[in-house]
Structures are given as structure tokens and as C-alpha cells.
There are 2 protein chains.
Amino acid sequence: MFGQLLSEVVTGIDGAIGAVLMGADGLPVDQVVGDPSRGDIEAMAMELSVVLREIRKAAVQLGAGQAEEVMIRGASMTTLIRVLNDEYFVALALPAEASVGKGRYLLRRAAPRLRENL
Amino acid sequence: MFGQLLSEVVTGIDGAIGAVLMGADGLPVDQVVGDPSRGDIEAMAMELSVVLREIRKAAVQLGAGQAEEVMIRGASMTTLIRVLNDEYFVALALPAEASVGKGRYLLRRAAPRLRENL
């Protein structure tokens, strides 16, 4: 179920590196790899869960409210994160040249269905 | 000089809370407040510089390369960050309902001119 939804996200955007459904504790629930040459999506997700914890704390302290979405664009990869609830998030890794807007749209569309099945 | 460029960013988008040019060490260089009712943009920027340090480390470890841009969308505020160089970044705080795409565009447009004057 999760695999199918993640797969829709990954195939929805050219060159997508992969998508992963993660627990906030750093444990991956399910993942779909789009470009296996781009490294270990599971290791990436663990790293993300650590940063996301910091970001979530900071968002509240900033007065921004609960963090709902995070984008980190690096020189060679863009990472999009959508928080599903207190315990789970979904992340999408894209090549630097991919459309951030399209990626955000795909995660936004998948989020309610992922949440329903958690 | 910086104030004028930050002001162009803030006035370019309806309801913008403020923009700040920051040192990576947490010291603000210049700032423009768009909506003073939305809290202390300087305190916000200091908090951001801490998170950004973590994000930059993580981006490299993720294999994403040097972090260039970060977006944190919270329930009540969106924060956009654009890294200018190793030592400086510019941040824009927007209300939750503002267009992320427009904000990114305004920062992207201002970045080369801010960088030139650093």
C-alpha cells in the first residue's frame, strides 16, 4: 500500500532519486528507489530524521507553529519532507535540476492517503 | 544598500513578515520588518542560524552537496532561507498563506546583488 503510493510519487517526476516513509524515530517504514546510483535512501532518511527533529523544535520556537513541510536544496540534490503526523513523515529526494513545485505537489497529493493507512 | 534590497523582497510579496541578512554566526547584518505584530525578526534569525548550521552539515552528509536553499513551512509561518556564501544567508518570513514560489523567486533575484555587496 505504502509502496504503491511512494511509487506514484517517484514515477511522477523525471529523475526522482527515491521516496521514503519514515518514523520520526529514524526507522523507515517503506521506500521506493528511483535512481539506485544516487546512494542509500535508507541512510539518507535516518540522517533526515535527525535534522527534522531540530527543525521541528526550531519551528515552534520561531513561532511558525508545527512544521508541516521542509525543503533543503543542495548543489546536487533537493530533499522535500512532508510531515504526516507527530510520528511519521515522507521524504522525496530529487536531482538538483528537478522541479521543486512538482515534487511538493506530488507529496501533498500523496499525504492524505499515506496518513489514512498509518 | 542591504536595507533597500531586503525592502524590495519584503514589499514584493503581500503580508511578508520580514527579511534579514544574517551571518552564519547568528549576527544580523541588516533587516526589514514587514509586519511588526509577528514578533522579533532578530530573535527569529538567531534561532534560524542554529538550525541552518545543522541543515548544512546534514546536506553534505546526505550527499546533497552544499545547502543553497531551505524552506520550513509551519502551520502559521513559512521561512525561506537562501545561502549567499559560507558566511552569510538571507531569510524571509512569510505568513502561512503566502506563495512559497513567489518568495523563492524574490530571494533568488536579490541574492546576487546582496552577495556583491558583502
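These lines cover the structure that appears in this document, whether it is placed above or below. Every value quoted in this text rests on a predicted model; they were computed, and no experiment measured them. (Residues numbered from 1 in each chain as written. Chains lettered and ligands numbered in written order. Predicted model: local features only at pLDDT ≥ 70, side-chain atom pairs only at ≥ 80, totals over all residues. Heavy atoms only, no water.)

### Examining the relation of the copies chain B and chain A
Okay, step 1: For the pair chain B and chain A, the relating rotation is 180°, the translation along its axis is 0.0 Å, and the fit reaches an RMSD of 0.0 Å. On this basis, the relationship between the two copies can be described by a two-fold rotation axis. Within chain B, the C-alpha atom positioned nearest to the axis of rotation is that of Met71(B), 2.4 Å from it.
Okay, step 2: A share of 100% of interface residues in chain B that are also interface residues in chain A marks the association as one of identical surfaces. (Least-squares fit on C-alpha atoms with pLDDT ≥ 70 in both. Contact = heavy atoms within 4.5 Å.)

### Regarding the sheet that holds strand β3 (residues 67-74) of chain A
Okay, step 1: The strand order β2(A)-β1(A)-β5(A)-β4(A)-β3(A)-β3(B)-β4(B)-β5(B)-β1(B)-β2(B) describes an open sheet built from 10 strands, whose pairing is antiparallel. Each having just a single partner strand, β2 (28-33) of chain A together with β2 (28-33) of chain B make up the two edges of the open sheet. Sheet twist, expressed as the mean angle between neighbouring strand axes with direction ignored, is 10°.
Okay, step 2: With seven bridges joining them, β3(A) and strand β3 (residues 67-74) of chain B adopt antiparallel strand pairing. If you follow Arg73(A) over to β3(B), its bridge partner there is Glu69(B).
Okay, step 3: Lying on the sheet, helix α2 (residues 41-61) of chain A is in contact with β1 (18-23), β2, β3, β4 (77-83) and β5 (88-95) of chain A together with β3 of chain B; it crosses β1(A) at an angle near 60°. (Pairing = 2+ DSSP bridges. Helix = DSSP H or I, 4+ residues; strand = E, 2+ residues; numbered from the N terminus. Axes fitted to C-alpha atoms, helices over the stretch in contact; angles between N-to-C directions.)

### Some words on the environment of Leu52(A)
Okay, step 1: Mapping Leu52(A) onto the fold places it in helix α2.
Okay, step 2: Once you skip the residues sitting within four places of it in the chain, Leu52(A) turns out to touch Val70(A), Ile81(A), Val83(A) and Phe89(A).

### Focus: the packing of helix α1 (residues 2-11) of chain B against helix α3 (residues 100-116) of chain B
All names here are of chain B.
Okay, step 1: Running from N to C, α1 and α3 cross one another at 170°; their axes reach a closest spacing of 9 Å. If you check the angle between α1 and α3, you find them roughly antiparallel. On the side of α1, the interface is formed by Phe-2, Leu-5, Glu-8 and Val-9, while α3 contributes Leu-106, Leu-107, Arg-109, Ala-110, Arg-113 and Leu-114.
Okay, step 2: Per-class residue counts for the contact of α1 with α3 are seven nonpolar, no polar and three charged. (Parallel < 35°, antiparallel > 145°, perpendicular 65-115°, else oblique. Nonpolar A, V, L, I, M, F, W, Y, C, P; charged D, E, K, R; others polar.)

### Examining the interface of chain B and chain A
Interface size, as often reported, equals the accessible area lost upon joining of the parts.
Okay, step 1: In this complex, chain B contributes 29 residues to the contact, which on the side of chain A involves 29 residues.
Okay, step 2: Interface area, chain B with chain A, both sides summed: about 2500 Å², of which 58% is carbon and sulfur.
Okay, step 3: The largest share of the area that chain B buries against chain A comes from Leu62(B), Met71(B) and Arg73(B), three residues that together contribute 27% of it.
Okay, step 4: The partner of Arg73(A) in a salt bridge is Glu68(B), with the nearest N and O atoms 2.7 Å apart.
Okay, step 5: Those elements giving two or more residues to the side of chain B that touches chain A turn out to be α2 (41-61), β3, β4 (77-83) and α3 of chain B.
Okay, step 6: Of all the elements, α2(B) adds the most residues to the side of chain B that touches chain A, at nine residues.
Okay, step 7: Residue composition of the side of chain B that touches chain A, grouped by class: 15 nonpolar, seven polar and seven charged. (Buried area = accessible area lost by both parts, 1.4 Å probe. Salt bridge = Lys/Arg side-chain N within 4 Å of Asp/Glu carboxyl O.)

### A look at the pairing of β4(B)
All names here are of chain B.
Okay, step 1: Burial analysis of β4 places seven of its seven residues in the buried class, which makes it a mostly covered element.
Okay, step 2: Burial of β4 is two-sided: the residues Met-77, Thr-79, Ile-81 and Val-83 facing one way and the residues Thr-78, Leu-80 and Arg-82 facing the other way are all buried.
Okay, step 3: With five bridges connecting them, β3 and β4 associate as antiparallel partners. Residue Ile-72 lies in a different strand from β4, and its bridge partner there is Thr-79.
Okay, step 4: Linking β3 to β4, which pair antiparallel, is a turn of two residues.
Okay, step 5: Taken together, the seven bridges between β4 and strand β5 (residues 88-95) define a ladder with antiparallel strand orientation. Across the sheet, residue Ile-81 finds its bridge partner in β5, namely Ala-91.
Okay, step 6: Hairpin connection from β4 to β5: four residues lie between these consecutive antiparallel strands. (Buried < 20%, exposed > 50% of the residue type's maximum accessible area, 1.4 Å probe, protein only.)

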